[in-house]
Amino acid sequence: MIQDSAALLGRWLLAALFLHESWMKLTHFGPSVAYMERFGVPGWLLPGALVIELGGGILLVLGLFSRHAALALAAFCIAAAGLFHNVLSDGNQLLHFEKDLAIAGGLLVLCAFGPGRFVLPLRRLKPLG
């Protein structure tokens, strides 16, 4: 019971980060594109980033396809660390680099061990329409 509760809380805490960040990017789309382009990342990639962050966050909250979502989000975090926080001589950038890698590490643990018992059961989902 403690293990499953910890897995649920861990999923929700990880998801909260990605849901918040995707909301910020959605509501500040132009500045988000400009930020990406300052680092040489094409702005047209932002919708894909939003799909990964928002979709992955929702899947983690529900416990659906959690291993796949965690793996995608871990790859996203590693890419973000390398693309946006690679000036490791700057203490602030180093901190963000390390946080991105730590988040990726937690997501990889989730991928390896699964979401725990508290998930939305797929068999109860009914097709739309």
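In the block above lies the structure referred to throughout.
Residue numbers here run from 1 along each chain, matching the order of that chain's written sequence. The predicted origin of the model limits local features to residues at a pLDDT of at least 70 and limits the giving and counting of side-chain atom pairs to 80 or more, whereas totals for whole chains, interfaces and linings rest on all residues. Derived side-chain values reflect all non-hydrogen atoms in the structure, with water molecules and hydrogen atoms excluded from consideration.

What follows covers the overall build of the protein chain. Scanning the protein chain for helices and strands turns up five helices and zero strands. Each helix is a run of DSSP H or I of at least 4 residues and each strand a run of E of at least 2, with the numbering of both proceeding from the N terminus. When the helices and strands of the protein chain are placed in sequence order, the string is α-α-α-α-α. Along the first, second and third principal axes, the C-alpha set of the protein chain runs to 45 × 35 × 20 Å. The contact rule is simple, with two residues in contact once any of their heavy atoms fall within 4.5 Å. Looking at the protein chain alone, contacts between residues at least 24 apart form 66% of all its contacts between residues at least 6 apart. A total accessible area of about 8100 Å² is found for the protein chain, and carbon and sulfur atoms account for 72% of it. This count recognises Lys and Arg as positive and Asp and Glu as negative, with His and chain-terminal groups excluded. Charge positions come from single atoms, namely NZ of Lys, CZ of Arg, CG of Asp or CD of Glu. Positive and negative side-chain charges of the protein chain, numbering 9 and 7 respectively, have mean locations separated by a distance of 18 Å. Only the protein chains shown count as cover for residues, and the accessible areas themselves come from Shrake-Rupley with a 1.4 Å probe.

This part is about the packing of aromatic side chains. Put simply, two rings from Phe, Tyr or Trp (the six-membered ring, in Trp's case) pair if the centres are within 6.5 Å, and we call them stacked under 30 degrees between planes, edge-to-face over 60, tilted for the rest. All chains considered together, the criterion is met by three aromatic pairs. With a centroid separation of 5.5 Å and 25° between ring planes, the pair formed by Y35 and F84 is classed as stacked. Here Y35, found in helix α2 (residues 29–38), pairs with F84, found in helix α4 (residues 66–84); they are 49 residues apart in sequence, far enough to count as distant. On the basis of relative accessible area, Y35 is assigned to the partly exposed category, the value being 30%. Judged by relative accessible area, which is 13%, F84 ranks as buried. Ring geometry for F39 versus F84: centroids 5.2 Å apart, planes at 75°, classification edge-to-face. Of this pair, F39 sits in the loop between α2 and α3 (46–62) while F84 sits in helix α4, placing them 45 residues apart in sequence. Relative accessibility thresholds used throughout: buried, under 20% of the residue-type maximum; exposed, over 50%; partly exposed, between the two (1.4 Å probe, protein chains only).

So, about the packing of α4 against helix α5 (residues 91–113). Only the contacting stretch of a helix is used when fitting its axis, a line to C-alpha atoms as for every element, and angles between N-to-C directions run 0 to 180 degrees. Running from N to C, α4 and α5 point in directions that differ by 165°, and their axes come no closer than 8 Å. Classed by the angle they form, the pair α4 and α5 counts as roughly antiparallel. Here α4 runs over α5; the crossing is left-handed. Listed contacts from α5 to S66, R67, A70, L71, L73, A74, C77, I78, A80, A81, G82 and F84 of α4 are Q93, F97, D100, L101, I103, A104, L107, L108, L110, C111, A112 and F113. Asp, Glu, Lys and Arg are counted as charged, while Ala, Val, Leu, Ile, Met, Phe, Trp, Tyr, Cys and Pro are counted as nonpolar; the rest, among them Gly, fall into the polar class. For the contact of α4 with α5, the per-class residue count stands at 19 nonpolar, three polar and two charged. Orientation labels follow simple angle bins: below 35 degrees gives roughly parallel, above 145 gives roughly antiparallel, 65 to 115 gives roughly perpendicular, and whatever is left gives oblique. By convention the crossing between two helices is left-handed if the near helix lies anticlockwise of the far one by an angle smaller than a right angle, and right-handed if it lies clockwise.

Moving on, we come to unusual backbone geometry. Across the chain, the bulk of peptide bonds are trans and the bulk of non-glycine residues have phi less than zero. In this structure, F65 takes a positive phi of about 50° despite not being glycine. Relative to the helices and strands, F65 resides in the loop between α3 and α4.

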